[in-house]
Amino acid sequence: MNTFFSNIEDLKKVVKINASLPWESIEPYLEDAQTIYLEHYIGPEIIKKASDSTYANLVPYICRALGPLTLMLATPELGISIGDAGITVSNEQGKRSPANEAKIAAAAESFKFRGFQALDRLLLHLQSNVTTYKEFEQSRYCKLIKNSLIKSAEMFQDVGLVNIEYSIITFISLIPTAISIQDKLPDLLGDTLTESLLTKADLTVKEKVLIDLIIKMIANKTAELFTAAPPQTSSSTPYFTPSIRPIYNDSGSTGNYFAAQAEYYQARINKFMLENSAELGLAVPEALNWNKPGNRIFAGLT
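All values reported here derive from a predicted model rather than from experimental measurement. (Residues numbered from 1 in each chain as written. Predicted model: local features only at pLDDT ≥ 70, side-chain atom pairs only at ≥ 80, totals over all residues. Heavy atoms only, no water.)

Asker: How would you sum up the packing of aromatic side chains? Please name residues and give values.
Answerer: Applying the stated criterion across every chain yields a total of seven aromatic pairs. A centroid spacing of 5.6 Å and a plane angle of 85 degrees characterise the contact between Tyr-37 and Phe-116, whose relative ring orientation is edge-to-face. A residue pair is termed long-range when its members are at least 10 positions apart, and Tyr-37 in helix 2 (residues 23-42) and Phe-116 in helix 5 (residues 101-128) qualify at 79 residues. Assessed through its relative accessible area of 0%, Tyr-37 is described here as buried. Taken together, a centroid distance of 5.4 Å and an interplanar angle of 80 degrees make the contact between Tyr-257 and Phe-258 edge-to-face. Accessibility expressed as a relative area gives 16% for Tyr-257, which makes it buried. According to the relative accessible area criterion, Phe-258 is buried, its value standing at 4%. Here the aromatic cluster, defined as three or more aromatic residues joined through ring pairs, consists of Phe-136, Tyr-141, Phe-156 and Phe-171. (Phe/Tyr/Trp six-rings, centres within 6.5 Å; stacked < 30°, edge-to-face > 60°. Helix = DSSP H or I, 4+ residues; strand = E, 2+ residues; numbered from the N terminus. Buried < 20%, exposed > 50% of the residue type's maximum accessible area, 1.4 Å probe, protein only.)

Asker: Quick rundown of the packing of helix 11 (residues 205-228) against helix 12 (residues 257-275)? Include the residues and the values.
Answerer: Contact geometry for helix 11 and helix 12: axes closest at 8 Å, N-to-C directions at 155 degrees. Taken as axis vectors, helix 11 and helix 12 run roughly antiparallel relative to one another. When you trace helix 11 past helix 12, the crossing you get is left-handed. Contacts between helix 11 and helix 12 involve Lys-206, Val-209, Leu-210, Leu-213, Ile-214, Lys-216, Met-217, Asn-220, Lys-221, Ala-223, Glu-224 and Thr-227 from the first element and Phe-258, Ala-259, Gln-261, Ala-262, Tyr-265, Gln-266, Arg-268, Ile-269, Phe-272 and Met-273 from the second. (Axes fitted to C-alpha atoms, helices over the stretch in contact; angles between N-to-C directions. Parallel < 35°, antiparallel > 145°, perpendicular 65-115°, else oblique. Left-handed = near helix turned anticlockwise from the far one by under 90°. Contact = heavy atoms within 4.5 Å.)

Asker: Give me the packing of helix 5 against helix 8 (residues 168-182): which residues, what numbers.
Answerer: With their axes 8 Å apart at the nearest point, helix 5 and helix 8 run at an angle of 80 degrees to one another. Here helix 8 runs roughly perpendicular to helix 5, going by the angle between their axes. Only Ile-168, Ile-169 and Ile-172 of helix 8 make contact with helix 5, whose side of the interface consists of Phe-116, Leu-119, Asp-120, Leu-123, Leu-124 and Gln-127. Grouping the amino acids of the contact of helix 5 with helix 8 by side-chain chemistry returns seven nonpolar, one polar and one charged. (Nonpolar A, V, L, I, M, F, W, Y, C, P; charged D, E, K, R; others polar.)

Spelled out as structure tokens, the structure:
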């Protein structure tokens, strides 16, 4: 039996649902939603400690997310009957009539929006109080950001200048792509400078400026890849679809805004490295002296 909801009356506190609905019709979806979404994002240990009241203050957060996500999974099936007449629902006269797919889809989408908004609030609470909820450090989210230069949704948006509405769930879906771009930094910066920027505790002013430019490039390149080819989601498992858009944009532009921004920041990085080679520990480029004997702009012309 689920420890967060034990009957329809409990569920009615967070979602609109008919009290006459048999509990056994809902319970399987409740367990699935908890496994697919809550445990996936915050980890089973947090769920376990909330269940046994060790983290009793998390229960309201969990219930606000789990209720809508449960009905999101259940809605396409709850009001239907499968028989000789196909898929039907009850009409006002108590008879069976074809199901209204548009209404079912709209209800499921509403539950999905509410559920993921609540899940985002739960993740924000855990992130803001990670010293209290030690088990959260073992969550998928915390494990991912350990290897990421961009450490939070706030950094992705405020420093990277890509609007993800500060959503941690959106950020989680973007981290693997951002890390894959980050792994290519040695091709742009060189091995020595890359390692220094990623591991050095006290960065110089110039290094901080360079890190800022790198974050902007990574965030925009990540957004470019997601907007150019949106992630495919299974129709049977409605996972969260990231919402990414620029803070400002030219409505007349037909190109990819984020691609242009990524190229812009990469050019800024190259220019900054060239202008600050010595302070960044890079080889200072030697200026060519065309007046030096043996140096010619054109050679071998007859």
